[in-house]
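Now for the letters of each chain:
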Amino acid sequence: MAITLRMPAWPLKQSRRQLVARTESTRTALTNLLIGNLVLGIMGFATSSISSRLLGTSGRGELARIQNVPNLLAVLGMFGMSEAALYFSSKNRESTGLITAGAVRIALKGSIIAIGLGLIVTPLLLSGSTRTNSLIYLLVIPITAVYTVSYQQLRVLGYSRQWTLFRVSVTVGWLGCLGIGALMRPVPAGRLAVLFIGAQACIALVAWRMVRSFPSKPIDISSLKKPMVRYGVPAALVTLPQVMNLRLDQILLGSIVAKSQLGLYVAAVGWSWIAAPPFHTLAQFILPRIAATTSSTQRIKLVRQALLAAGALGVTLSIILVPLTRRLFPLVMGKEFQAGVHVATLLVVASVISGTALVAEEIMKGLGQPRRVLFAELGGLSITLMLLALTLKRHGITGATWASIGGYSATLMAVLVQLPRALDHAKTQSALTTLSDTDLPTP
């Protein structure tokens, strides 16, 4: 059944200061992206450690319960417009402003649907003050849609440093909320969540105002809506199994294990992101580069280089981080989290596998094939669900860890198996047309 969304031309008031689309060198772009991801990784450790020490294991689990469902719905409610705007802007940079504005409008419509779903689902999963706070946190859904779709195009336009600053600003906002929370001891998890909504709203306002400065060469947005939805909806559905793989174990553990055990697991998940920055850097770099490439030979070369780099990163990080985790995890999180060292070590391995899969998936999206990524993610999710059913009740947080490793591994293999066909499809499409009228309407 086709999804039809009415999207007339978006009236975008232009700013006096216009960003000119430019081409960054590979070294500059990768350097900026890597620095940003490393800074985010360091700040992520800081916020994870601070929140763990402020809230304790029980309070950390409570915060996870408040945020998990709204965060999941926030991602799904965007209808994949973040990815769609990035893909189509990469192909037509001079119309980035209008493409982004149209994508924001679709994402806001999806956010309304997501909030409605949250009002139904949240009372079924949570109770008491946790339920109330989680319902309030649903306000983060449209806020996330605005800033996530808006700032993504900075890397398309060649402003990777500014793009990185926007990404870091969200974590800075959370760090500020934790600082305020430290003055309220004992720290209520619900109040921290509400403070974070306000911080993200400020970022969304700045991001939307920035869209006015994007190049906005006239383009027939109404004829772009169907290609954007066809690309975006599968991309959004890809996010569902991705987030489910990331969050489902925590949601299920919340109703099975004690809050202290959930707190250990959440802290271990936060620690495992130590392996993520290099993979995220490579993934963020490769999608727009492949999408903008019209040469089949150059496209294949980029794919091979990215996969080799991802494999080398995986081996190197595993050798370094596994022994470090055993020593540093309890030092960073606190002695109270000593019991989670084994889980944290396994989750580092899971993070390496997940990072490699992410790079492969972004390659596939750059080839214009989000549906193939969806099939791979669904396969991985099915493995995760099966392993959770077999291990969760008996082995608790350790079982959830092994389920994650199995699910990520299955996803990676599924993407790699489909990659040759995706390359053949991209070659055929390039032979037919460079930029088809369906994908990129002309004024």
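Data block above holds the structure.
Residues numbered from 1 in each chain as written. Predicted model: local features only at pLDDT ≥ 70, side-chain atom pairs only at ≥ 80, totals over all residues. Heavy atoms only, no water.

Visitor: Looking at this structure, how should I read helix α5 (residues 140-151)?
Guide: Owing to its 3.6 residues per turn, the α-helix aligns residues three or four sequence positions apart on the same side. Here α5 is twelve residues long and its end C-alpha atoms lie 17 Å apart, about the 16 Å a rise of 1.5 Å per residue gives. Residues of α5 that are buried make contact with α1 (26-76), α2 (81-91), α3 (96-125), α4 (128-137), α6 (160-182) and α7 (189-211). (Helix = DSSP H or I, 4+ residues; strand = E, 2+ residues; numbered from the N terminus. Expected span 1.5 Å × (residues − 1). Contact = heavy atoms within 4.5 Å.)

Visitor: In this structure, what is going on with the environment of Leu33? I would like to understand it.
Guide: Within the secondary structure, Leu33 is located in helix α1. Take Leu33: its relative accessible area is 3%, and that puts it in the buried class. For the pair Leu33 and Pro277, spaced 244 residues apart in the sequence, the C-alpha separation amounts to 8.9 Å. In this view, Leu33 contacts Ser160, Trp163, Thr164, Thr281, Gln284 and Phe285; residues no more than four positions away in its chain are not counted. (Buried < 20%, exposed > 50% of the residue type's maximum accessible area, 1.4 Å probe, protein only.)

Visitor: I would appreciate a short explanation of the pattern of salt bridges in the present structure.
Guide: Opposite charge on two side chains permits them to pair, given that their charged atoms come into close proximity. The full count for this structure, using the stated rule, is one salt bridge. Across the salt bridge formed by Lys365 and Glu362, the nearest N and O atoms sit 3.4 Å from each other. With Lys365 and Glu362 both in helix α12 (residues 341-366) and three residues apart, the pair spans about one turn of that helix. A residue is classified by how much of its surface remains accessible, and Glu362, at 11% relative accessible area, is buried. (Salt bridge = Lys/Arg side-chain N within 4 Å of Asp/Glu carboxyl O.)

Visitor: How should I be thinking about the packing of aromatic side chains in this particular structure?
Guide: Any aromatic ring pair is given by two values, namely how distant the centres are and how the planes are angled relative to each other. One pass over the full model with this rule turns up seven aromatic pairs. With centroids separated by 5.3 Å and ring planes inclined at 85°, the aromatic side chains of Tyr87 and Phe88 adopt a geometry described as edge-to-face. On the accessibility criterion, Phe88 (1% relative accessible area) is buried. For the ring pair Tyr151 and Trp163, a centre distance of 6.2 Å and an interplane angle of 40° mean the geometry is tilted. Of the two residues, Tyr151 sits in helix α5 while Trp163 sits in helix α6, which places them twelve residues apart along the sequence. Classification of Tyr151 by relative accessible area gives buried; the value is 8%. (Phe/Tyr/Trp six-rings, centres within 6.5 Å; stacked < 30°, edge-to-face > 60°.)

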